[in-house]
Amino acid sequence: NDMKKNVPMKRLLQGDVGSGKTIVAILAMLYVINNGYQCALLVPTEMLARQHYNNIINYLNNISVEILTANEKGKVRTRILEKLKDNTVKIVVGTHALFNNKLEFNNLGLVIVDEQHRFGVNQRLSLINKGNNPHILSMTATPIPRTIIMSVHGDIDVSSIESKPI
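Worth saying up front: this structure is predicted, and the values here are computed from it rather than measured.

### Quick look at the environment of Thr 95
Part 1 of the reasoning: Position of Thr 95 among the secondary structure elements: in the loop between strand E4 (91-94) and strand E5 (108-114).
Part 2 of the reasoning: Residues Thr 95 and Pro 44, 51 residues apart in the sequence, show an inter-C-alpha distance of 5.5 Å.
Part 3 of the reasoning: Each residue touching Thr 95, except ones within four places of it in the same chain, is listed here: Leu 42, Val 43, Pro 44, Thr 45, Glu 46, Ala 49, Leu 68, Thr 69 and Ala 70.

### Describing the pattern of salt bridges
Part 1 of the reasoning: Enumeration according to the criterion identifies 7 salt bridges in this entry.
Part 2 of the reasoning: The residue Glu 46 makes a salt bridge to Arg 50 at a minimum N-O spacing of 2.9 Å. Of the two residues, Glu 46 and Arg 50 both sit in helix H2 (residues 46-59), 4 residues apart, roughly one turn of that helix.
Part 3 of the reasoning: Taking relative accessible area as the criterion, Arg 50 reaches 30% and is therefore assigned partly exposed.

### Re the nonpolar core
Note on soluble globular proteins: their nonpolar side chains tend to be buried together.
Part 1 of the reasoning: Ranked by internal contacts, the top residues of the largest apolar core, which has 26 residues, are Met 29, Ile 56, Ile 91, Leu 110, Ile 112 and Leu 137.
Part 2 of the reasoning: Of all the secondary-structure elements, those providing two or more residues to this core are helix H1 (21-34), strand E2 (38-42), H2, strand E3 (65-68), E4, E5 and strand E6 (135-140).
Part 3 of the reasoning: Ranked by residues supplied to this core, first place goes to H1 with 6 residues.
Part 4 of the reasoning: The contact partners of Ile 56, leaving out residues within four places of it in the chain, are Ile 26, Met 29, Leu 41, Val 65, Ile 91 and Val 93.
Part 5 of the reasoning: Judged by nonpolar contacts, the second largest core, of 19 residues, contains Ala 40, Leu 68, Val 92 and Leu 103.

Cut-offs used in this document
Numbers given to residues run from 1 along each chain, matching the order in which its sequence is written. Per-residue local features are limited, in this predicted model, to residues with pLDDT of at least 70; the limit for side-chain atom pairs, both in listing and counting, is 80 or more; totals at the level of whole chains, interfaces and linings are taken over all residues. Values reported for side chains reflect all heavy atoms of the structure, with hydrogen atoms and water molecules removed beforehand. A helix here means a DSSP run of H or I that spans at least four residues, while a strand means a run of E at least two residues long, and both kinds are numbered starting from the N terminus. Any pair of residues with heavy atoms lying within 4.5 Å of one another is described as a contacting pair. Each salt bridge in this description consists of a side-chain nitrogen of Lys or Arg and a carboxyl oxygen of Asp or Glu lying within 4 Å of one another. To sort residues, take the accessible area from a 1.4 Å probe on protein chains only and compare it with the maximum for the residue type: under 20% means buried, over 50% means exposed, and anything in between is partly exposed. Here the nonpolar core consists of buried residues drawn from Ala, Val, Leu, Ile, Met, Phe, Trp, Tyr and Cys, with membership extended through side-chain atoms lying within 4.5 Å.

Written out as structure tokens, the structure is:
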């Protein structure tokens with residue numbers, strides 16, 4: 001419902017490992033892609049990036065997805081950057097490599113930050129600012145008290161997945 005409003009979504013999704021946060025993120029990506037936008041999924045480690053990338057391509061095998069980490073270099077990196085700029089790639093999963101000044105999106109509509117507490121405010125903003133007021137979904141398995149969320153993030157809504165799927 002947040003994504004249907006006239007203002008961009010700013011939501012923190014809390015839930016234990018295995019609770020379904022990735023599925024929620026994939027559904028949000030589908031909504032954005034179906035409306036003509038691109039998505040970026042920022043994660044702190046290459047291992048987690050590869051895990052998310054593999055999950056996404058398994059669920060969304062007909063959507064163009066790329067991974068961008070420090071290991072994508074040279075012609076491979078150049079090709080990925082070109083495909084993001086010309087809107088051929090709909091989803092990019094990456095690490096700190098997504099902060100690269102050369103990375104440009106054609107139409108970034110959703111930024112998802114997994115393990116959001118592992119990134120600084122300016123780091124997250126540098127990716128968010130590559131879009132034109134994109135939706136923002138932050139995810140964490142670390143329970144964060146509401147008072148801390150409000151003081152650190154300000155106007156952000158919070159959702160919690162209380163139990164793991166059966």
